Amino acid sequence: MGLFFQTIGSSLKLLPAAVWDELHIFLTSFHKIKWPTNIALQLLLFWQIYMIFISLANGYGQSITFLRYGLVFVGLVLLKNYYRSLLIAFSKNFFFMIGLMYFGISIGLYIFGIALGLPVAWWQETLWVGTAYSAFVIYIIIAIILMNSFSINQRLIFLGLGFVSGVLMDSRLVFVLLFTLLPFIFSGDKKSNLKKSLFSSIRSFLIFVFIISSLSSVLINYNKEINSVFKSTQATILDLTSETNSTDRDADRRDNIRAVASLMNDDPFTFIFGSGLTSHQYELSEYLDNSADNKVRPSGVPAVVFDGGIIYLLLIFICACNSILQFISYYLNNLISFRTLSILALVITNSFIVLFITNTTDLMLWWAVILSGQILNKELIHEFNNRFA
């Protein structure tokens, strides 16, 4: 059930927030608490302890959000052993079904809302997370599908579902992330194809033709919608990288980035050390507009900097780099292919960049990617190589 809670549970609400992923980690692994030995992760955890105490001292430790982040902190201590157990029991077919279920929910919610005339993104308040969170989970699902153990037909099915979800959700982030995975669709180890019978080869070819035809039909019938999202994606990239051609739609993200620069000028001490866990919900109100509950919900970078200072952002970056370096060492020791290394490094890099779009620091799947170099050890990689060879 771990795969279910770390994919579907990462987006399913039915509670004030989507907390099923960290709840499952805590409830199934709290008796296995063991302080990690990796230096980068230790520094990250010690800094989060500092953030918790500072938050309590500043009077920010009484909200439900604070308690949730406290649960996330415990989850980080348990993350390595929990995800190793999850990956040891990994089933390709089960993950395939979980992935289809996630896309079914994402697409089904939109169709259901259209049929009943509900407001756009009606599900975000009580049932399902917002489009930015969904975009990241979709990206991780498809990145896993692109590993060598999945066929080209399976890759195409999920890639098509990913782009369809992006169009229906009007999510530019889905398009930006999935475009980075396109070079890996048809590349990979083809050794297994030599073992196929003539009947299996013909069947696979017919399925391939059907998938390509279906995707082409979607492109033709929804050309206007796809073109609209594509142009919006281009506009977003321009908006976030220049001062020209800006649109109101991305003004909030530019303001988030400017808020960090303003903090550096107004309060250098807070810029370096932060004001404590979840303090961004209150102190960012000087720089950004509040929501209906008088709190601010920014993208990831200002949330991280206001909570733990630029030191916290640097520690997250170090953990991400540490994971990439770990996978490079596995590649140099012939434990993983260059293709696998490229996908892993790309996913980790993009996961860090996602912080400029949305705040994913309360998503356990995001932390699992950032810390994946600590989760995937040599024994686990050998197990995967033998199982899916």
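Residues numbered from 1 in each chain as written. Predicted model: local features only at pLDDT ≥ 70, side-chain atom pairs only at ≥ 80, totals over all residues. Heavy atoms only, no water.

1. Some remarks on the overall build of the protein
When helices and strands are counted, the protein shows 18 helices and zero strands. The burial tally for the protein puts 49% of its 389 residues in the buried class. Partitioning the intrachain contacts of the protein with sequence separation of at least 6 by distance along the chain shows that 74% fall at a separation of at least 24. Only carbon and sulfur atoms are counted for the fraction: they give 66% of the accessible area of the protein, which is about 18800 Å². (Helix = DSSP H or I, 4+ residues; strand = E, 2+ residues; numbered from the N terminus. Buried < 20%, exposed > 50% of the residue type's maximum accessible area, 1.4 Å probe, protein only. Contact = heavy atoms within 4.5 Å. Areas by Shrake-Rupley, 256 points an atom, 1.4 Å probe, with all protein chains shown as cover.)

2. Focus on the nonpolar core
One finds Leu44, Leu79, Ile142, Ile316 and Trp367 to be the most contacted residues of the largest nonpolar core, which totals 105 residues. Examining the composition of this core, we find that 13 residues originate from one element, helix H14 (residues 300–332), more than from any other. Beyond its immediate stretch of four places on either side in the chain, Leu79 contacts Ile25, Met364, Trp367, Ala368, Leu371 and Ile375. (Core = buried A, V, L, I, M, F, W, Y, C linked by side-chain atoms within 4.5 Å.)

3. Observations concerning the packing of helix H6 (residues 131–145) against helix H8 (residues 172–179)
It is the contact of H6 with H8, at a shortest axis distance of 8 Å, that shows an interaxial angle of 25 degrees. For the element pair H6 / H8, the angle class is roughly parallel. The two elements H6 and H8 meet at a crossing, and its hand is right-handed. The residues of H8 that touch H6, namely those facing Ala132, Ala135, Phe136, Tyr139 and Ile142, are Leu173, Val174, Leu177 and Leu178. (Axes fitted to C-alpha atoms, helices over the stretch in contact; angles between N-to-C directions. Parallel < 35°, antiparallel > 145°, perpendicular 65-115°, else oblique. Left-handed = near helix turned anticlockwise from the far one by under 90°.)

4. Brief notes about the side chain of Asp307
By the secondary structure assignment, Asp307 is in helix H14. Of the polar contacts made by the side chain of Asp307, one reaches the backbone nitrogen of Thr278; its length is 3.1 Å. Polar side-chain contacts of Asp307 include one of 3.1 Å to the backbone nitrogen of Ser279. Beyond its immediate chain neighbours, meaning those up to four positions away, Asp307 contacts Met51, Phe273, Gly274, Ser275, Gly276, Leu277, Thr278, Ser279 and His280. (Polar contact = N/O pair within 3.5 Å; in protein donor to acceptor, adjacent residues only side chain to side chain.)

5. Re helix H15 (residues 338–353)
Taking 1.5 Å per residue as the helical rise, H15 with its 16 residues ought to reach 22 Å, and the 22 Å between its terminal C-alpha atoms agrees with that figure. Among all positions in H15, only Arg339, Thr340, Leu341, Ile343, Leu344, Val347, Ile348, Asn350, Ser351 and Phe352 are buried. For H15, the secondary structure elements touched by its buried residues are H6, helix H7 (152–169), H8, H14, helix H16 (364–370) and helix H17 (372–375). (Expected span 1.5 Å × (residues − 1).)

6. Some thoughts on the packing of aromatic side chains
The tally for this structure, following the rule as stated, stands at 19 aromatic pairs. Seen in terms of ring centroids, Tyr82 and Tyr83 are 5.6 Å apart; in terms of plane orientation they differ by 75 degrees. Their pairing is edge-to-face. A residue is classified by how much of its surface remains accessible, and Tyr82, at 7% relative accessible area, is buried. You can call Tyr83 buried: its relative accessible area is 7%. Members of the aromatic cluster, joined through ring pairs, are Trp47, Tyr50, Phe269 and Phe273. Cation over ring: Lys92 sits above Phe150, and NZ or CZ is 5.8 Å from the ring centre. (Phe/Tyr/Trp six-rings, centres within 6.5 Å; stacked < 30°, edge-to-face > 60°. Lys NZ or Arg CZ within 6 Å of the ring centre and 35° of its normal.)

7. What to know about the state of the cysteines
Under the criterion given, the structure shown has zero disulfides. The thiol of Cys319 is unpaired, and the distance to the nearest cysteine sulfur, on Cys321, comes to 9.5 Å. On the accessibility criterion, Cys319 (1% relative accessible area) is buried. For Cys321, a relative accessible area of 28% gives the class partly exposed. (Disulfide = S-S within 2.5 Å.)

8. A closer look at empty space enclosed by the protein
Counting across every chain of the model gives one cavity of 30 Å³ or more. Estimated volume of the largest cavity: approximately 100 Å³. As for the largest cavity, its lining consists of 15 residues, of which Gln48, Tyr69, Leu277, Tyr312 and Thr361 are closest to the centre. Of all the secondary structure elements, the ones that give two or more residues to the lining of the largest cavity are helix H3 (39–57), helix H4 (64–88) and H14. (1 Å grid on protein atoms, 1.4 Å probe; cavity = no way out; pocket = protein on both sides within 12 Å on 5 of 7 lines; lining within 4 Å. Points joined across faces, edges and corners; volume = space filled by probe spheres on them.)

9. As for a nonpolar patch on the surface
A cluster of nonpolar side chains, namely Leu325, Ile328, Tyr331, Leu332 and Phe338, defines an oily patch on the protein surface of about 510 Å² accessible area. Per-element accounting of the nonpolar patch gives the leading share, four residues, to H14. Checked against the element boundaries, Leu332 lands in helix H14. (Patch = residues over 30% accessible without salt bridge, like charges linked within 9 Å, V, L, I, M, F, W, Y side chains within 5 Å. Salt bridge = Lys/Arg side-chain N within 4 Å of Asp/Glu carboxyl O.)

10. Some thoughts on unusual backbone geometry
Even without being glycine, Thr278 reaches a positive phi, approximately 70 degrees. Position of Thr278 relative to the elements: it lies in the loop between helix H12 (268–273) and helix H13 (280–283). The phi dihedral of Asn334 falls on the positive side, at around 60 degrees, and the residue is not glycine.

11. A few points about the environment of Leu315
Mapped onto the elements of the fold, Leu315 is located in helix H14. Here Leu315 falls in the buried class, since its relative accessible area comes to 11%. Those residues in contact with Leu315 that sit more than four places away from it in its chain are Leu43, Leu44 and Trp47.

No statement about biological role is implied by the geometric values presented.
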